[in-house]
Amino acid sequence: MESTYKPKASDFAPVKSNVHGEQISRPSLSYWQDAWIRLKKNTRALISLYIVIGLALFTLVGPYLWQVDPALQDLNQISQSPAWPKTSILVGPYQRFTPVVLDDFPAEPEEYLENIPPPENIRTSEPPTTQHVRLVWDPVGGAGGYNIYRNQRVPEGINDLGLPLGSTLGGNEVSYEDRLNLESRNYYYSIVPTDGFDESYEYQTLEVTPKLAITFNEAIDRGLIGPGEDRELNSEIELEFHPFGTDYLGRDMLARLMQGARVSLFIGICAPFLFVFFGIVYGGFAGYIGGKLDQFLMRFADFVVALPFLLFMILFKIAFGIGPGESGVIPMLIALVILGWPGTARLVRGQVLQIREQGFIEAARLLGGKNHYLIIRHIIPNTMGVILVTLTFAVPAAIFTEAFLSFIGMGVAPPTPSWGSMCNEGVKTMLSHPHELIFPAVFISITVLAFNLLGDGLTEALDSRMRSRE
Amino acid sequence: MLAYTAKRLLAGLVTVWFIATATFIAMHQVPGDPLMNDKAVSAEIRANLEKKYGLDKPVVEQYFIFMGNMLQGDFGISFTQQNRKVNDIIRDHFPVSATLGILAIVFATLGGVLWGALTALYRNRLPDIVIMFLVILGISVPSFVFAALGQLFLVNLNSFVGSSIVPVAGWGTIMHMIMPSLVLGLGTMALLTRLMRSSMLEVVNEDYIKTARAKGLSPTRIFFRHQLRNAILPVITVLGPQIAAITTGGFVVELVFAIPGLGRYFVQAVQQLDYTVIMGTTVFYGAFLVFMVIIVDILYGFIDPRVRLK
Amino acid sequence: MPVLVLLLSFALVPINALAASSVNFDDQIITIALTQEPPQLNSMKATDQVSGMILPHVMEGLLRYDRRGKVVPGVAEKWEVTRDGATFWLRKNALWSDGKPVTAHDFVFAWRQALAPNTASEYAFILYPLKNGEKINKGEMDLTKLGVVAEDDFTLHLEFERPTSYFLNLTAFTTYFPIREDFFNQKKDQYAADATDLLYNGPFKLVDWVHSASLRMVKNDMYWDKDSITLNEIRADYITEDTRARLNLFIDGKIVHTRLDGETYKDALTQRFRIRSFSTGSVFFWEYNHREGRPTENVNLRRAIQHIFDADEFVNKVLGTPGNLAGKSVFPVWLQGVEGKFRQEYPAPLPELDIEKAKQYLAKAKQELGVDKIPPLVLLVGNSPTAAKQAEYMQGLLKQKLDIDLKIDIQTFKQRLAKMTSGDFDIVGAGWGPDFDDVMTFGDLFASWNLNNRGRYNNPEYDRLVRLAMDSLDPKERMDAMGKLQDIIFEEAVVLPQYEQGVIYLMHDKVRGVVRRVVGADPDFTYARVVK
């Protein structure tokens with residue numbers, strides 16, 4: 001029996017590859033694509049991302065939509081709460097006030113009375129406006145002068161007359177002009193006669209409600225009246241609209257928040273980017289080189305870490321100094337970078353040491369990869385996750401540092417606003433004008449929060465242990 | 001162990017030297033003149049002042065003189081408080097800052113561990129949501145806003161009760177310390193709560209918890225003996241740096257609550273360019289932090305047997 | 001628990017009075033807050049406000065201020081002042097707190113020491129009216145050459161360098177306070193460093209000084225006029241610069257007095273407190289740099305700014321607190337003239353607000369400077385929030401009205417001083433508080449030799465008038481010269497007056513007799529009392 005098989009030549013031809021064998025059924029995902037998918041599943045992180053984008057738009061695009069000069073002062077509208085646009089009446093230019101001094105009445109009291117009666121017939125000599133309130137009254141016998149007080153509610157007694165505005169020095173000087181931060185609201189003016197030294201226990205009160213007023217010239221200066229436009233005195237005019245209110249110099253809060261965002265976010269984002277970058281270079285270098293040099297470099301980083309952060313922040317900030325007209329943002333940035341880099345450098349070095357020992361680096365080296373290729377193509381991308389997370393957490397820290405420095409008066413120099421310095425101003429008036437504190441504080445909080453949550457989300461998304469397996 | 005400690009201490013000393021040198025250099029970069037005051041003085045008086053403070057010597061010589069004195073533990077005499085030794089200033093005011101800092105850390109740790117454990121226990125239920133919201137507030141609102149609000153709260157509390165049960169500012173009794181240390185510890189407390197929460201959630205899935213449960217241990221026992229104890233470890237690691245942040249970060253609170261701490265002195269000294277006080281406080285704080293970290297590291301070796309000190 | 005032990009031991013270190021109320025009628029005790037720790041209480045060298053407030057409470061010079069601000073006998077019982085010198089007869093019952101009498105030697109010692117070059121007192125110049133004072137201070141003469149002798153223990157005779165019409169006012173000033181030689185030498189560098197390192201001869205004495213925390217003054221039983229003193233104790237239990245913290249302490253009934261600012265007064269109003277106002281006597285102004293090469297050297301540029309700056313608006317809208325007076329002159333309204341007030345006898349010329357005129361002056365200035373646009377001016381200010389606010393107002397004003405760019409240069413205290421001294425500015429926000437009760441304290445401010453003339457204004461006519469007023473004893477002649485100075489400052493727009501400072505404050509309604517004053521201790525609690 002001839003049972004042995006004789007191989008043919010064709011038997012030695014390569015087998016056709018089996019197309020239906022193992023197949024990658026889904027498109028392969030790179031590390032970043034995968035991370036992005038998982039980040040998208042994290043609602044909180046996603047919302048934070050949108051907030052961050054929103055903040056960026058607010059900062060960069062905002063000023064083009066809301067074209068109000070953040071430095072423009074509007075002393076007619078100081079510390080206004082957010083409100084709809086207000087209308088004001090137009091008045092003529094301010095004329096100096098000439099006090100009413102009676103010739104036929106004695107300036108010095110002729111007799112010293114135990115208690116001087118209050119002055120009668122207090123009235124305003126001109127219609128009261130927020131430009132000025134001018135009071136006149138009838139003289140009282142025995143008076144050697146009058147003290148003028150102003151309150152925002154009905155006085156309940158001699159101890160509740162409100163602000164001591166000033167006094168006149170003579171029983172015959174029976175007028176007073178008030179221009180102190182007038183608003184369009186009810187005021188109660190009280191006049192107390194004095195004998196030239198001691199005050200009487202009697203007073204008389206007048207209620208006055210000044211009308212919001214702006215002078216003609218100012219309206220033209222501010223562009224409220226167009227060129228060639230003819231307006232009559234005492235006619236009504238719409239004032240500038242301040243949707244977020246104004247600050248203590250009548251500057252538009254919205255415009256200042258936008259400009260402040262530039263400073264706060266610039267410091268908040270640039271500083272971490274710079275020191276992280278420096279940290280990567282330094283740490284990556286040290287970690288990769290290893291040996292004595294690594295020891296030395298890391299020892300130096302340890303020194304810098306040991307510097308008390310806030311103390312040195314203040315010291316550096318002052319040492320760099322601020323020239324005239326400079327905002328001091330750059331010195332603050334430099335100080336932050338000087339003190340901030342060692343943290344990242346240590347972190348990156350640790351990562352590099354770990355990655356360097358891994359198989360794929362060895363493989364790449366065997367395939368002929370040069371040092372710089374290895375570093376750029378393999379090592380750095382693999383540390384990216386950790387770095388990104390550090391970065392997102394460094395942003396809120398930097399924003400807080402800026403705010404803190406502004407609070408102790410060593411932040412950016414006015415008129416440049418930052419959220420921190422706006423907060424610092426706002427804290428002082430938080431009872432009377434809460435909006436001056438709330439807005440910048442809310443912006444700081446939102447930003448810090450968004451970056452924190454984004455950092456959390458990134459940590460989870462970039463953690464390779466959590467890579468999606470389906 | 002001993003060798004390790006000695007090595008760390010030596011490194012610490014070198015670090016302190018580095019801090020002192022960095023401070024010295026930075027300070028002399030500050031423009032301005034420490035000897036100037038509101039009233040201008042004649043050249044003769046100025047020369048005398050310079051001589052008194054040794055500023056007439058070259059900077060390098062000043063550096064060596066300062067280092068020499070520092071080695072003997074003498075920081076010199078304050079420029080602004082002309083009869084006070086910097087050593088006395090530190091001795092008088094550091095304990096205040098330290099008390100404030102320690103209390104704040106205690107508050108923060110107790111609060112953080114408690115809230116963190118609670119949120120993990122009630123994960124995604126109402127207590128978790130409420131506490132986490134407060135935590136978010138805690139990490140995202142600057143401390144000076146909290147300080148101002150805290151003081152305002154005390155004023156209203158006192159006028160509501162009708163007598164001043166809690167002082168609104170000042171220092172001296174335990175009552176004075178409560179609000180400032182709460183405010184100071186708030187940020188750290190928020191941080192620790194977050195940390196504690198995630199660490200608790202991680203521990204829940206560990207094998208030894210499952211084993212304990214399988215053994216039939218009561219949930220309370222598992223919670224306290226196994227879960228809490230293991231979850232607390234990462235919290236302890238961050239305490240070291242946090243202590244540093246808190247003790248030097250007390251300026252704002254010291255300012256708002258009129259507390260005679262060292263932080264206020266430093267800010268004032270920088271403003272006044274008081275060379276000796278700047279040097280003294282920075283070097284002292286720096287040394288304090290360096291050795292604090294060393295101590296925490298060594299202690300950690302005792303607490304966690306997995307960590308071996310080399 | 002080592003931590004707990006540590007904690008408790010720290011907690012026990014500084015102990016304040018436990019939650020005491022701000023007033024105590026039975027024991028006549030009041031509690032106050034200080035704005036800052038007194039840098040030092042050495043009367044020879046003290047320059048700051050807090051020391052200036054505390055020292056007159058615990059020490060006393062030859063003369064002192066009474067309730068109405070007049071100088072009255074202090075350690076000296078009577079005196080005689082001539083053209084060339086003065087003689088003071090000291091009372092025998094004026095004692096130091098250790099029981100030894102205050103003698104003429106103590107004054108001689110204190111004044112010599114204050115002038116000694118190695119004391120380096122910044123206020124030494126205030127002793128320059130004494131014969132050879134300036135030369136001794138400059139190290140050109142021996143201390144013993146000072147024109148002051150103790151003729152016996154209770155007679156002090158002194159010679160003037162030049163006639164000094166206001167010398168009596170000076171003797172109430174802190175630098176003129178006595179110091180006892182044996183005590184001083186015993187303490188050496190430690191002198192005045194602590195409560196026990198000082199000797200007291202004033203109405204009160206310091207018993208407890210916890211640095212940066214508290215300070216206690218109790219009635220001095222050795223004081224010769226102790227019967228006029230009602231208060232037994234003044235406690236400064238709080239030291240804070242924060243006005244809000246101080247207001248909160250006041251609301252909480254912890255302190256009897258606090259100053260209000262533009263932000264806190266609104267809260268004080270809602271609390272229904274009686275707000276009082278008081279004029280501090282200080283004058284604030286924008287000082288120009290007159291050094292060569294600076295644009296502000298040009299008088300027309302300065303006049304242009306003078307014609308747009310509305311001090312009234314500045315006071316009412318920017319400062320925004322009542323009590324401040326719009327600045328019209330560097331001579332404040334409270335100064336005495338020949339008979340009445342100086343400013344009534346010599347009214348300050350009023351700057352007119354006229355934008356057109358301002359523009360004409362500006363055009364002239366540009367022509368003279370040979371530029372098309374004024375280069376950006378540097379405005380130097382301190383780093384307080386109010387200073388920044390004022391600077392921002394100026395920046396807006398100059399830009400809007402004259403199209404001049406102003407660069408704000410905000411500097412911390414020492415840096416600002418360094419820049420002021422070296423002339424590294426165009427305009428600087430400056431102020432001047434009176435040292436003594438005479439026009440001269442303001443008048444010589446812009447004399448070419450005055451080191452506090454930071455803008456280096458130099459006008460021979462100005463100098464001549466100052467010297468004239470210095471050497472004269474005739475009030476009319478002196479005031480005429482000062483009146484002319486006032487005109488020169490206006491005409492040449494040497495400085496731009498901003499305001500005369502006024503402050504508003506709260507005072508506990510159970511505390512009476514507190515004196516606010518322009519020169520001397522302010523607030524002065526010496527004659528205060530607590531009523532029921």
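Calculation rules
Residues numbered from 1 in each chain as written. Chains lettered and ligands numbered in written order. Predicted model: local features only at pLDDT ≥ 70, side-chain atom pairs only at ≥ 80, totals over all residues. Helix = DSSP H or I, 4+ residues; strand = E, 2+ residues; numbered from the N terminus. Rg over C-alpha atoms; globule rule 2.2 N^0.38 Å. Buried ≥ 20, exposed ≤ 12 C-beta atoms within 10 Å, placed from the backbone. Contact = placed C-beta atoms within 7 Å. pLDDT = per-residue confidence, 0-100. Pairing = 2+ DSSP bridges. Nonpolar A, V, L, I, M, F, W, Y, C, P; charged D, E, K, R; others polar. Axes fitted to C-alpha atoms, helices over the stretch in contact; angles between N-to-C directions. Parallel < 35°, antiparallel > 145°, perpendicular 65-115°, else oblique. Left-handed = near helix turned anticlockwise from the far one by under 90°. Core = buried A, V, L, I, M, F, W, Y, C linked by C-beta atoms within 7 Å.

**Points about the overall build of chain A**
Here's step 1: Counting its secondary structure elements, chain A contains 12 helices and 10 strands.
Here's step 2: A compact globule built from 470 residues would reach a C-alpha radius of gyration of about 23 Å, whereas chain A, at 36 Å, exceeds it by more than 25%.
Here's step 3: The principal-axis extent of the C-alpha atoms belonging to chain A is close to 155 × 50 × 45 Å.
Here's step 4: Relative to its 470 residues, chain A shows a buried fraction of 42%.
Here's step 5: Taking the intrachain contacts of chain A between residues at least 6 apart in sequence as the baseline, contacts between residues at least 24 apart amount to 76%.

**Brief notes about the confidence of the model for chain A**
Here's step 1: Of the residues in chain A, 95% reach a pLDDT of 70 or more, and the chain-wide mean stands at 81.
Here's step 2: Highest mean pLDDT in chain A belongs to strand S3 (residues 133-136) of chain A (91); lowest belongs to helix H1 (residues 31-41) of chain A (77).

**A short note on unusual backbone geometry**
Residues and elements named next belong to chain C.
Here's step 1: Each neighbour pair has its own omega, and for Asp522 with Pro523 the value is -10°, a cis peptide bond.
Here's step 2: For Pro523, the location among the structural elements is in the loop between strand S19 (511-512) and strand S20 (529-530).
Here's step 3: We note that Gln28 has phi near 55°; this positive angle belongs to a residue other than glycine.
Here's step 4: Relative to the helices and strands, Gln28 is located in the loop between strand S1 (23-24) and strand S2 (29-34).
Here's step 5: The exposure class of Gln28 is partly exposed, given the 17 C-beta atoms found within 10 Å.

**Remarks on the pairing of strand S7 (residues 148-152) of chain C**
All names here are of chain C.
Here's step 1: As paired elements, S7 and strand S8 (residues 155-159) share 4 bridges and run antiparallel to each other. Bridging from a neighbouring strand, Val148 pairs with Leu158 of S8.
Here's step 2: Between the antiparallel neighbours S7 and S8 lie 2 residues.

**Some remarks on the interface of chain B and chain C**
Here's step 1: Every contact between the two is made by 49 residues of chain B and, on the other side, 52 residues of chain C.
Here's step 2: Sorting the residues of the side of chain B that touches chain C by element identifies helix H2 (43-53), helix H4 (86-121), helix H6 (143-161), helix H10 (251-256) and helix H11 (262-272) of chain B as the ones contributing at least two each.
Here's step 3: For the side of chain B that touches chain C, the element with the most residues is H4(B), which contributes 7 residues.
Here's step 4: The residue makeup of the side of chain B that touches chain C, split by class, is 23 nonpolar, 19 polar and 7 charged.

**What about the packing of H6(B) against helix H7 (residues 174-204) of chain B?**
Residues and elements named next belong to chain B.
Here's step 1: Interhelical geometry of H6 versus H7 gives an angle of 150° and a closest axis separation of 10 Å. On the basis of their axis angle, the class for H6 and H7 is roughly antiparallel. Read as a crossing pair, H6 and H7 show a hand that is right-handed. Contact with H6, carried on its side by Ser143, Phe146, Ala147, Gly150 and Leu154, involves Met179, Leu182, Val183, Leu186 and Gly187 of H7 and no other residues of that element.
Here's step 2: Residues that form the contact of H6 with H7 fall into these classes: 7 nonpolar, 3 polar and no charged.

**Quick notes on the interface of chain A and chain C**
Here's step 1: With 31 residues of chain A at the interface, the matching set in chain C holds 36 residues.
Here's step 2: Those elements that place two or more of their residues in the side of chain A that touches chain C are strand S5 (163-168) and helix H11 (419-428) of chain A.
Here's step 3: The biggest single contributor to the side of chain A that touches chain C is S5(A), with 4 residues.
Here's step 4: For the side of chain A that touches chain C, the class distribution of residues is 16 nonpolar, 10 polar and 5 charged.

**Here's the deal with the confidence of the model for chain C**
Residue and element names in this part refer to chain C.
Here's step 1: Scored by pLDDT, chain C has a mean of 87; 96% of the residues are at 70 or more.
Here's step 2: Note that residues 1-19 has pLDDT below 50 and, in this model, 26 contacts with residues that lie over four places away or in other chains.
Here's step 3: Both scores are available for the predicted complex, with the pTM at 0.80 and the ipTM at 0.77.

**Some remarks on the sheet that holds strand S4 (residues 145-151) of chain A**
All names here are of chain A.
Here's step 1: Sheet architecture is open: 4 strands sit in the order S5-S4-S7-S8, paired in antiparallel fashion. Two strands in the sheet have a free side with no partner beyond their single neighbour: S5 and strand S8 (204-208). Each strand axis lies, on average, 25° off the axis of its neighbour in the sheet, ignoring direction.
Here's step 2: Two elements, strand S7 (residues 187-194) and S8, share 5 bridges in a ladder whose sense is antiparallel. When the sheet's bridge partners are listed, Tyr188 is paired in S8 with Glu207.

**Overview of the environment of C:Ser97**
All names here are of chain C.
Here's step 1: Tracing the backbone through its elements, the reader meets Ser97 in the loop between strand S6 (85-90) and helix H3 (104-115).
Here's step 2: Here the alpha-carbon distance between Ser97 and Asp225, two residues 128 residues apart in the chain, equals 13 Å.
Here's step 3: Residues contacting Ser97, with those up to four places away along its chain left out, are Leu199, Tyr200, Asn201, Lys205, Asn220 and Met222.

**Structural notes on the nonpolar core**
Here's step 1: Residues C:Trp111 and C:Leu379 are the most contacted members of the largest nonpolar core, which totals 342 residues.
Here's step 2: It is helix H5 (residues 253-289) of chain A that provides the largest number of residues to this core, a total of 15 residues.

**A word on the sheet that holds S6(C)**
Residue and element names in this part refer to chain C.
Here's step 1: An order of S5-S6-S8-S7 is seen for the 4 strands of this open sheet, with the pairing classed as antiparallel. Here the strands that pair on one side only, and so sit at the sheet edges, are strand S5 (76-81) and S7. For this sheet the average axis-to-axis angle between neighbouring strands, irrespective of direction, equals 20°.
Here's step 2: Sheet contacts for H3: S6, S7 and S8; angle to S7, the most-contacted strand, approximately 165°.

**Quick word on the packing of helix H2 (residues 43-60) of chain A against H5(A)**
Residue and element names in this part refer to chain A.
Here's step 1: At a closest axis distance of 8 Å, the pairing of H2 and H5 adopts a crossing angle of 120°. Classified by the interaxial angle, the pair formed by H2 and H5 is oblique. With respect to the hand of their crossing, H2 and H5 are arranged in left-handed fashion. Contacts between H2 and H5 pair Leu55, Phe58 and Thr59 from the former with Met258, Ala261, Arg262 and Leu265 from the latter.
Here's step 2: Of the residues belonging to the contact of H2 with H5, the class tally is 5 nonpolar, 1 polar and 1 charged.

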